Amino acid sequence: MINNRILDEILGQYPVKVKKNRKKHIVIKDADMDRQEIDANTRTIPGVITNRGCAYAGCKGVVLGPLKDVVHIVHGPVGCGYYAWLTRRNKAKSEDPTKNYMTYCFSTDMQESDIVFGGEKKLTRMIDEVVEVFKPEAVTISATCPVGLIGDDIGQVAKNAHAKYPEVNFTAYSCEGYKGVSQSAGHHIANNGLMQHVIGQGNMEEVPSSFTLNILGEYNIGGDGWEIKQMLEEIGYHIQTVMTGDGSYEELKNAHVSNLNLVQCHRSINYIADMLEIKYGTPWLKVNFIGIDSTIKSLRDMALYFSDQGLMERTEAYIMRELQKVETLLEPYKRICEGKTAFCFVGGSRGHHYQGLYKELGIDTILAGYEFAHRDDYEGREIIDSIKLDADSQNIPNLTVEPDVNRYRVKVSPEKMEELKEKIPLNYYEGMMRSMHEGSIIVDDLNHYETEELIRILKPDIFSSGIKDKYVVQKMGIPTKQLHNYDYSGPYAGFGGAVNFARDIAMSLASPTWNYTVPPWHSKPLLEGKILERVSDNA
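All of these numbers come straight from a predicted model, not from anything done at the bench.

Brief notes about the nonpolar core
Leu 232, Tyr 237, Leu 262 and Leu 299 are the most contacted members of the largest nonpolar core, which has 106 residues in total. If one sorts the elements of this core by residue count, helix α21 (residues 494–510) sits on top with 8 residues. Once residues within four sequence positions are removed from consideration, Leu 232 is found in contact with Leu 213, Ile 215, Tyr 237, Ile 239, Leu 262, Phe 289, Leu 299 and Met 302.

Structure representation (structure tokens):
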């Protein structure tokens, strides 16, 4: 394992100021300490090759894009629209194929003349064309960097469009890529817009079932959402909406009726979870349907929340049946995976969630982190009040909501809430660091240099990565399991998903391919260099 001396040697290649900055973003887990602090949600150092995305990617690409019956217009150069076009494999199906727009890429394709003279007229013409051809019930408009720089008022364009087409819900998102320090800013912007202009706009007043849920932070990558939905419906839950994988505008606007919100990805959707509780009285429960033990715990926590005997019995019967199915299937894969080590650096909550599934296969996670997390994603929500807001965080408008006069309902009595909080993670996320073992490494915003050095020293057997960073790792002779969009595999959620994941990991580890790849540290480097302090002009 790595220690502080080795860590200092790695960081010693940076200039002094950069080393001081990066050291705050790396923590070696010390079980004797009550709490360890990590720096997060700050600007990436200029010149460092990061794996982060932009605010636009977080808004349109992550949160808004999976809504299948909404036309998502990207106002900007066509490359931005292409960048967020189905890159996450958000699967969606619809009873009416003409109302599923997932496979379309809508872009205003801004050119130089639009930058000079403004693109509002072009956006207006596109809206007219979209309404005429597709006849959607909802349209989103997402701004990219040039739009903010030249000052196009997409909010006013949306208002004008709604006046012209009152039957269509138009929402505008000022999610220019440069806002905030990463895609996390875009999540916040999308959460605010959906809460302000979509959720609660439906006419539904009565809850469809006593066990009605919203699933938040699930994007149906590779079919995960379908796996979770099928499991919960079989037990007896009613899913009102999923935010936003395979989600729809029609379902989302009635999300206010649910009795409980499940939060899968904490970072991308916690804003909506908090606002739904304040406005409609709906608590949220942190769940994790990645891994068998985590799935079982989440199912039991949900049943305990509703405290219904029949629901508890159906939950236990389902768990028992599924365990009998998968235990035998997992055995051959466990024999291949046993004793291996992993790096798990992925955005969202995946850097945390997949550690449990790795452990069940016998793989030890020795390094983990996020691209765009905040400190509470690492340390737990109890530290939120101690986080100092910087200029970048204040750049994102903070939407304030009040209890809805007509629709606010007390779902659980205050006494029962306090009792449940002692047993289940109700309105709470413990963060990633607490569950990691002694000596493991937590890294925020891991960059390419640190990736190479840590792989060279620790030599993990597999690396869970995003799309952008997997190729460098593979060239080092280390197999990767790409968890941003699963590389054409999945689903990985639930019991069946655990078997799919185990199969893919075992195939990666057993492949002879890696025997033919020579890691760079086994041969002489073609180029060597060292970062030096800038010499002053007076020296």
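A few points about the pattern of salt bridges
If you walk through the whole model with that rule in mind, you get 28 salt bridges. Salt-bridge contacts for Glu 322 lead to Lys 325; the nearest nitrogen and oxygen are separated by 3.3 Å. In this pair, Glu 322 and Lys 325 both sit in helix α14 (residues 309–337), 3 residues apart, roughly one turn of the helix. Judged by relative accessible area, Glu 322 falls into the buried class, the value being 8%. Classification of Lys 325 as partly exposed rests on a relative accessible area of 47%. Between Glu 453 and Arg 456 there is a salt bridge; the shortest N-O distance is 2.7 Å. Here Glu 453 and its partner Arg 456 are both found in helix α19 (residues 448–458), 3 residues apart, which amounts to about one turn of the helix. Residue class for Glu 453 comes out buried when judged on its relative accessible area of 18%.

Side note on the sheet that holds strand β10 (residues 341–345)
As summarised here, the arrangement of the 6 strands in space is β1-β12-β11-β10-β13-β14, forming an open sheet in which the pairing is mixed. A single partner strand is all that each edge strand has here, and the edge strands are β1 (26–28) and β14 (480–482). With strand direction ignored, the average angle separating the axes of adjacent strands in the sheet is 15°. Both β1 and strand β12 (residues 441–444) contribute to a ladder of 3 bridges, which runs antiparallel. Residue Ile 28 lies in a different strand from β12, and its bridge partner there is Ile 441.

What to know about a nonpolar patch on the surface
Side chains of Ile 115, Val 116, Phe 117, Leu 149, Ile 150 and Tyr 178 sit close together on the surface and give an oily, nonpolar patch of about 650 Å² of accessible area. Secondary structure elements with two or more residues in the nonpolar patch: α5 (112–117) and α7 (145–150). When residues of the nonpolar patch are assigned to their parent elements, the largest contribution, 3 residues, is made by α5. Along the chain, the position of Tyr 178 falls in the loop between β5 (169–173) and α9 (184–197).

Considering the pairing of strand β8 (residues 260–263)
Judged by which residues are buried, β8 turns out to be covered on both faces: Leu 260 and Leu 262 on one side and Asn 261 and Val 263 on the other are all buried. Judged from the 4 bridges that link them, strand β6 (residues 212–218) and β8 form a sheet pairing that is parallel. When the sheet's bridge partners are listed, Leu 216 is paired in β8 with Val 263. Of the strand pairs in this sheet, β8 and strand β9 (residues 284–286) are connected by 3 bridges, and their pairing is parallel. Bridge pairing in β9 places Val 263 opposite Lys 286. Note that the unit made of β8, helix α12 (residues 266–280) and β9 has a crossover that is right-handed.

What to know about the packing of α14 against α21
At a minimum axis distance of 9 Å, the contact between α14 and α21 shows a crossing angle of 5°. Of the possible angle classes, the one that applies to α14 and α21 is roughly parallel. Contacts between α14 and α21 involve Tyr 318, Ile 319, Glu 322, Leu 323, Val 326, Leu 329, Leu 330, Tyr 333, Ile 336 and Cys 337 from the first element and Phe 495, Ala 498, Val 499, Ala 502, Arg 503, Ile 505, Ala 506 and Leu 509 from the second. When the residues that make up the contact of α14 with α21 are grouped by side-chain class, the tally is 16 nonpolar, no polar and 2 charged.

Some thoughts on unusual backbone geometry
Cis geometry marks the peptide bond from Met 243 to Thr 244, where omega comes out at 5°. Residue placement: Thr 244 occurs in strand β7 (residues 238–244). With omega at -5°, the peptide bond leading from Gly 490 into Pro 491 counts as cis. For Tyr 486, which is not glycine, the phi torsion reads 70° and is therefore positive. Along the polypeptide, Tyr 486 turns up in the loop between β14 and α21. The class of Tyr 486 is buried, set by a relative accessible area of 0%.

Cut-offs and rules
Residues numbered from 1 in each chain as written. Predicted model: local features only at pLDDT ≥ 70, side-chain atom pairs only at ≥ 80, totals over all residues. Heavy atoms only, no water. Core = buried A, V, L, I, M, F, W, Y, C linked by side-chain atoms within 4.5 Å. Buried < 20%, exposed > 50% of the residue type's maximum accessible area, 1.4 Å probe, protein only. Helix = DSSP H or I, 4+ residues; strand = E, 2+ residues; numbered from the N terminus. Contact = heavy atoms within 4.5 Å. Salt bridge = Lys/Arg side-chain N within 4 Å of Asp/Glu carboxyl O. Pairing = 2+ DSSP bridges. Axes fitted to C-alpha atoms, helices over the stretch in contact; angles between N-to-C directions. Patch = residues over 30% accessible without salt bridge, like charges linked within 9 Å, V, L, I, M, F, W, Y side chains within 5 Å. Areas by Shrake-Rupley, 256 points an atom, 1.4 Å probe, with all protein chains shown as cover. Right-handed = clockwise from strand over helix to strand, strands pointing away. Parallel < 35°, antiparallel > 145°, perpendicular 65-115°, else oblique. Nonpolar A, V, L, I, M, F, W, Y, C, P; charged D, E, K, R; others polar.

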